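If you want the building blocks of each chain, they are given just below.
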Amino acid sequence: MGIEVLALSLPSPASQWERLSSSHQASTRGAIEMGNSELGGSSSSLALPKSSPARVILPPKCSFQTCNNSLGGQMEAYSRQRHRKSSLVSKYCQRWFNQPFPDYRTPFERYSSSSEAVLTSNSQSASNTLLVGDEKVGVLLLNLGGPETLDDVQPFLFNLFADPDIIRLPKMFRFLQKPLAQFISVVRAPKSKEGYASIGGGSPLRQITDSQAEELRKALSDKNIPAKVFVGMRYWHPFTEEAIEQIKQDGITKLVVLPLYPQFSISTSGSSLRLLESIFREDAYLVNMQHTVIPSWYQREGYIKSMATLIEKELSKFATPQKVMIFFSAHGVPLAYVEEAGDPYKAEMEECVDLIMEELEQRGITNPCTLAYQSRVGPVEWLRPYTDETIVELGQKGVKSLLAVPISFVSEHIETLEEIDVEYKELALSSGIENWGRVPALGCEPTFISDLADAVIESLPYVGAMAVSNLEARQSLVPLGSVEELLAAYDSKRGELPPPVIVWQWGWTKSAETWNGRAAMLAVLALLVLEVTTGQGFLHQWGILPLSR
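Everything quoted here is computed from the prediction, not taken from an experiment. (Residues numbered from 1 in each chain as written. Predicted model: local features only at pLDDT ≥ 70, side-chain atom pairs only at ≥ 80, totals over all residues. Heavy atoms only, no water.)

The next point concerns the overall build of the protein. Helices and strands together make up the secondary structure of the protein, namely 18 helices and ten strands. Considering only residue pairs separated by 6 or more positions, the protein has 81% of its internal contacts joining residues 24 or more positions apart. Of the roughly 23800 Å² of accessible surface on the protein, a fraction of 55% belongs to carbon and sulfur atoms. (Helix = DSSP H or I, 4+ residues; strand = E, 2+ residues; numbered from the N terminus. Contact = heavy atoms within 4.5 Å. Areas by Shrake-Rupley, 256 points an atom, 1.4 Å probe, with all protein chains shown as cover.)

This structure, assessed with the given rule, holds three aromatic pairs. Taking 5.4 Å as the distance between ring centres and 90° as the angle between the ring planes, the aromatic pair formed by Trp297 and Tyr303 counts as edge-to-face. An identical accessibility class is assigned to Trp297 and Tyr303; each is buried. The interplanar angle of 40° and the centroid separation of 5.8 Å between the aromatic rings of Trp297 and Phe448 together place this pair among those described as tilted. A residue pair is termed long-range when its members are at least 10 positions apart, and Trp297 in the loop between strand S6 (290-293) and helix H10 (301-315) and Phe448 in helix H15 (residues 446-459) qualify at 151 residues. In this structure, Trp297 and Phe448 share a single accessibility class: buried. In this arrangement the basic side chain of Arg376 is found over the ring face of Tyr386, its NZ or CZ atom lying 3.8 Å from the centre. (Phe/Tyr/Trp six-rings, centres within 6.5 Å; stacked < 30°, edge-to-face > 60°. Buried < 20%, exposed > 50% of the residue type's maximum accessible area, 1.4 Å probe, protein only. Lys NZ or Arg CZ within 6 Å of the ring centre and 35° of its normal.)

For the rest of this paragraph, the subject is the side chain of Ser185. Within the secondary structure, Ser185 is located in helix H5 (residues 177-198). In contact with Ser185, not counting residues within four places along its chain, are Gln154, Leu157 and Phe158.

In this section: the pairing of strand S3 (residues 137-143). Counted residue by residue, S3 has seven buried out of seven residues, so it is predominantly covered. Neither face of S3 is open: one carries Val137, Val139, Leu141 and Asn143, the other Gly138, Leu140 and Leu142, and all of them are buried.

Judged by pairing direction, the sheet is parallel, and its four strands sit side by side in the order S4-S3-S5-S6 without closing on themselves. The two strands at the open ends of the sheet, each matched to only one other strand, are strand S4 (227-233) and S6. On average, adjacent strands in this sheet sit at an angle of 20° to one another, irrespective of strand direction. Strand direction decides the pairing type here: S3 and S4, joined by seven bridges, are parallel. (Pairing = 2+ DSSP bridges. Axes fitted to C-alpha atoms, helices over the stretch in contact; angles between N-to-C directions.)

If you trace the four strands from one edge of the open sheet to the other, you get S8-S7-S9-S10, paired in parallel fashion. Each edge of the open sheet carries a strand with a single partner, namely strand S8 (369-374) and strand S10 (435-438). Strand-to-strand, the axes of this sheet are offset by a mean angle of 25°, without reference to chain direction. The sheet contact formed by strand S7 (residues 325-331) and strand S9 (residues 401-406) spans five bridges and is parallel. Residue Met325 lies in a different strand from S9, and its bridge partner there is Leu402. Strands S7, S9 and S10 of the sheet are contacted by H10, whose axis makes an angle of about 155° with S9.

This next bit is on the packing of helix H13 (residues 387-396) against helix H14 (residues 414-430). Between two packed helices, the angle of one axis relative to the other and the distance separating the axes together describe the packing. The geometry of H13 relative to H14 is characterised by a closest axis approach of 8 Å and an angle of 25° between their N-to-C directions. Taken together, the axis directions place H13 and H14 in an arrangement best described as roughly parallel. In this structure, H13 meets H14 at a crossing whose hand is right-handed. For the pair H13 and H14, contact is made by Thr387, Asp388, Ile391 and Val392 and by Tyr424, Leu427 and Ala428, respectively. When its residues are assigned to classes, the contact of H13 with H14 shows five nonpolar, one polar and one charged. (Parallel < 35°, antiparallel > 145°, perpendicular 65-115°, else oblique. Left-handed = near helix turned anticlockwise from the far one by under 90°. Nonpolar A, V, L, I, M, F, W, Y, C, P; charged D, E, K, R; others polar.)

With that settled, consider unusual backbone geometry. Note that the residue after His237, namely Pro238, is joined by a cis bond; omega there is -10°. Cis geometry marks the peptide bond from Arg384 to Pro385, where omega comes out at 0°. Along the chain, Pro385 falls in the loop between S8 and H13. We note that Asn224 has phi near 70°; this positive angle belongs to a residue other than glycine.

What follows is about the nonpolar core. Among the nonpolar cores identified, the biggest contains 63 residues, and Leu220, Tyr303, Ile311, Ile326, Phe328, Ile356 and Ile407 are the most heavily contacted of them. The element that contributes the greatest number of residues to this core is helix H12 (residues 345-362), accounting for eight residues. (Core = buried A, V, L, I, M, F, W, Y, C linked by side-chain atoms within 4.5 Å.)

Attention shifts here to the environment of Leu180. You can see Leu180 is positioned in helix H5. Considering only alpha carbons, one finds Leu180 and Phe161, 19 residues apart in sequence, at a separation of 8.0 Å. Non-local contacts of Leu180, meaning those with residues more than four positions away in its chain, are made with Ile167, Leu169, Met521, Val524 and Leu528.

This next bit is on the environment of Asn159. For Asn159, the position within the fold is in helix H4 (residues 153-161). Of the residues examined, Asn159 reaches a relative accessible area of 24% and is grouped as partly exposed. Remark: the alpha-carbon pair of Asn159 and Trp236, spanning 77 residues in sequence, is separated by 7.7 Å. Contacts of Asn159, omitting those with residues within four sequence positions, involve Tyr235, Trp236 and Phe239. Only 3.1 Å separates the side chain of Asn159 from the backbone oxygen of Tyr235, close enough to count as a polar contact. (Polar contact = N/O pair within 3.5 Å; in protein donor to acceptor, adjacent residues only side chain to side chain.)

This next bit is on helix H6 (residues 205-222). Over its 18 residues, H6 extends 26 Å from the first C-alpha to the last, a length consistent with the 26 Å expected when each residue adds 1.5 Å. Contacts made by the buried residues of H6 are with S3, S4 and H15. Of the residues flanking the end of H6, it is Asn224, one or two places downstream, whose phi is positive at about 70°. (Expected span 1.5 Å × (residues − 1).)

Attention now moves to H4. Here H4 has its buried residues at Val153, Phe156, Leu157, Leu160 and Phe161. Burial along H4 is one-sided: seen end-on, the buried residues are contained in an arc of 125°. Looking at the packing, one finds that the buried side of H4 touches H5. (Arc of directions from axis to C-beta.)

This is the structure we're talking about:
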């Protein structure tokens, strides 16, 4: 089936928010092009399956001053490449220090999903034009999951580290994935249990996600879209497989898949979507069910405004708000994911911070800011700067007031309640920072939930349609079939780690970190191979592997 991806040629607007939010653009383009197809236009870009029921879909209203492209008008090939704007993060940081931190931003145009034009959401009016009829609409929220009791910690960690998108092993050693996951989960469980015990004995993630699902259902109902909202966790109950079974039992015919990760990463949204794709391929009911995916939504106006509002509220609690450093802390990923695999996470995260700071600047808040990455594990290098090291450096540079903003999390869990609230707060206070604050996760913040509902509504014209997606121009609404293409490219394009420096440098250098990681991984693999081949060793003695007879 030949498919073309087309878009209207539109003037560049002047407003800050007149930059295309990815889901706004894709859904509007889809609606316009489907209308073109229904009217017999020759340049239809989206082809609905023949089994799709007939329905009338009108494009959402747009905020462009000129929207004079008729259905038979000139269409142009769509391109996501644009000129990257200057870093607002660097600008704010330079205001604060005479010797600012090294600019962590690098040009990353390839995966940037922002554009020169935007549509302002008007989903309330758009929802009135969507003919649902006897269709049963479902929304599947994807999230990480977390142990609900201390007894759940070790099996949860096993599920986490058994995921090949979390621990990457060479193909010849893939058979060691589960033994290695078992070993790591047993070793890490005691310390992890201490962390969960300090926040009440378990993760609140499931309870919060269930509340978000209920609020999203209500918001969709208020916007005239009756839908059921399901929760599927990657590494703990309710597992994605459990959610899919419930979707089938409820007879859902149209499904919108919405990962609760604002920014796309191979290790988060990508892992969940690859699992979901494998489930779909093995089930005849799911293969025939119309569905679409919203892989990332960090640019959405409601999300940006909600984050800015929470930051503004917490800043007001300081004695001198204008002197507070805004400290964005995001979950880290291994550096190789970005530099070698092309993971768009870092670029999307940096652009997300830019958009939030732009919104704050519109409100007259011009505080300095910085971005760092937390939660690294293992000896390999992760995205820099690291949160703990950056906090120490800020204290050394004379920062006295710090407001932590968990930028990649929409729910409270171990990394916000224990890692940020306890570990990083203690580190900050011991490093010379006198005033500490933390922005809460979005949770069920009304503007945020309403915007998620808008995102679902705007994606409905894409349900059952097909779109083109590749590494050069990744669409904002991607059918599941193309997610594996992105992940397969990740596997095939994974190259060797950068070679060591020609002259060896002593100390904790990038080269030393790389080789330490390699040596540690080889040692672990050697021990596992020895255990499996001989049937003896400490893993057998500890009961992790069965004793040979």
